[in-house]
Every structure is written in structure tokens, then in C-alpha cells.
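Listed below are the residues making up each chain.
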Amino acid sequence: MKILRTLAGGLAGSVVLTAMHELLRNNYSNAPRMDLLGEEAIEKGLGKIGVSSTKEDDLYTMALVGDIFVNTLLFSAAATTISSCSKGTLLGVTAGAAGLYLPEKLGLNPEHSNKTLQTKILTVALYTIGGYVAGKIMDRLS
């Protein structure tokens, strides 16, 4: 049962993060573009193994599914004996900060998460909210 609680919380946080990101990216010009960052990372990875370019729709779908999967695992790490909500929030802040600083280190376009100060704040805020939701769901299910 603990694994279900953990994954349910992680998935809830990930879905909230993704839904908020999609809403922002479709309605706000300074929204973080983590979808483009994911597409770029997938293209780069596929290139390393010799797979040629894929259709844009396929890249978007792979990036979206990959984001939900990876963020579910990330937020699932909030399940502990201490407050999952506190740990989820901290994980979210850390993931948001990583979204600001890692792209350039990984050879990806940092502008997707660093375009403006508003973009940077939204990047960290989205992940923080996702982590908070994940932890809150886990605490409620325990």
C-alpha cells in the first residue's frame, strides 16, 4: 500500500505540474518551455544512438510522457516518515533550481527555462507547487 500511496502522490504532483505548465505555455509568452527542453534532450539522445530526427508531434508526445514519468519518480521520493508535504516542497524547489542551472551544463538551450526573470520564477514555482501537491497527497493517503 505504501508504494501505491507514494506513486499516487508523485503522479498527482506531476500531473498538476504538467497541466499548469501547459496552461501557462499556451497563454503567456514568458512561460517556461520545459516541453522544448525535453524535446531538445530527446533529439540529442536519439542522435547519440544514431536515430534520425522524428516528427515534431512525436517529439512533443515523448517529451510530455517523459516529463510525467520522471517527475512522478522525482516527487515520489517525498514519501518518508517525516512530513511528505515538506519534503515534496523542498524537492520541487530543488527540481526548479535544477531546471534553471542544468540545461546549459547539459548542452541544451537554457532560454527555455531562463528567458526572463519571470520565466525563472515560474520555472521554480511550477516545480515547487508540483512537489507540494505530491507531498500533500501522500500525507493525506497515509
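Every value quoted in this text rests on a predicted model; they were computed, and no experiment measured them. (Residues numbered from 1 in each chain as written. Predicted model: local features only at pLDDT ≥ 70, side-chain atom pairs only at ≥ 80, totals over all residues. Heavy atoms only, no water.)

S.K.: For the environment of F75, give the residues involved together with the corresponding values.
M.R.: Mapped onto the fold, F75 is located in helix α3 (residues 56-76). Given a relative accessible area of 0%, F75 falls into the buried group. Note: C-alpha distance between F75 and L90 (15 residues apart in sequence) is 10.0 Å. What F75 contacts, discounting residues up to four positions off in sequence, is G10, G13, S14, L17, G92, Y127, G130, G131, A134 and M138. (Helix = DSSP H or I, 4+ residues; strand = E, 2+ residues; numbered from the N terminus. Buried < 20%, exposed > 50% of the residue type's maximum accessible area, 1.4 Å probe, protein only. Contact = heavy atoms within 4.5 Å.)

S.K.: Break down the nonpolar core for me, with residues and values.
M.R.: Residues L17, F75, Y127 and M138 are the most contacted members of the largest nonpolar core, which totals 13 residues. Contributing elements (two or more residues each) for this core: α2 (34-48), α4 (84-105) and α6 (117-141). (Core = buried A, V, L, I, M, F, W, Y, C linked by side-chain atoms within 4.5 Å.)

S.K.: Explain the packing of helix α1 (residues 2-27) against α6 to me, and be specific about the residues and the numbers.
M.R.: Remark: α1 packs on α6, axes separated minimally by 7 Å, with the N-to-C direction vectors making an angle of 150°. When the interaxial angle is binned, α1 and α6 end up roughly antiparallel. Once α1 is placed against α6, the crossing between them reads as right-handed. Counting all contacts with α1, which are made through R5, T6, A8, G9, G10, A12, G13, V16, L17, M20, H21 and L24, the residues of α6 involved are L122, L126, Y127, I129, G130, V133, A134, I137, M138, D139 and L141. Here the contact of α1 with α6 is built from residues that sort into 15 nonpolar, six polar and two charged. (Axes fitted to C-alpha atoms, helices over the stretch in contact; angles between N-to-C directions. Parallel < 35°, antiparallel > 145°, perpendicular 65-115°, else oblique. Left-handed = near helix turned anticlockwise from the far one by under 90°. Nonpolar A, V, L, I, M, F, W, Y, C, P; charged D, E, K, R; others polar.)

Any link to function would need more than the numbers given here.
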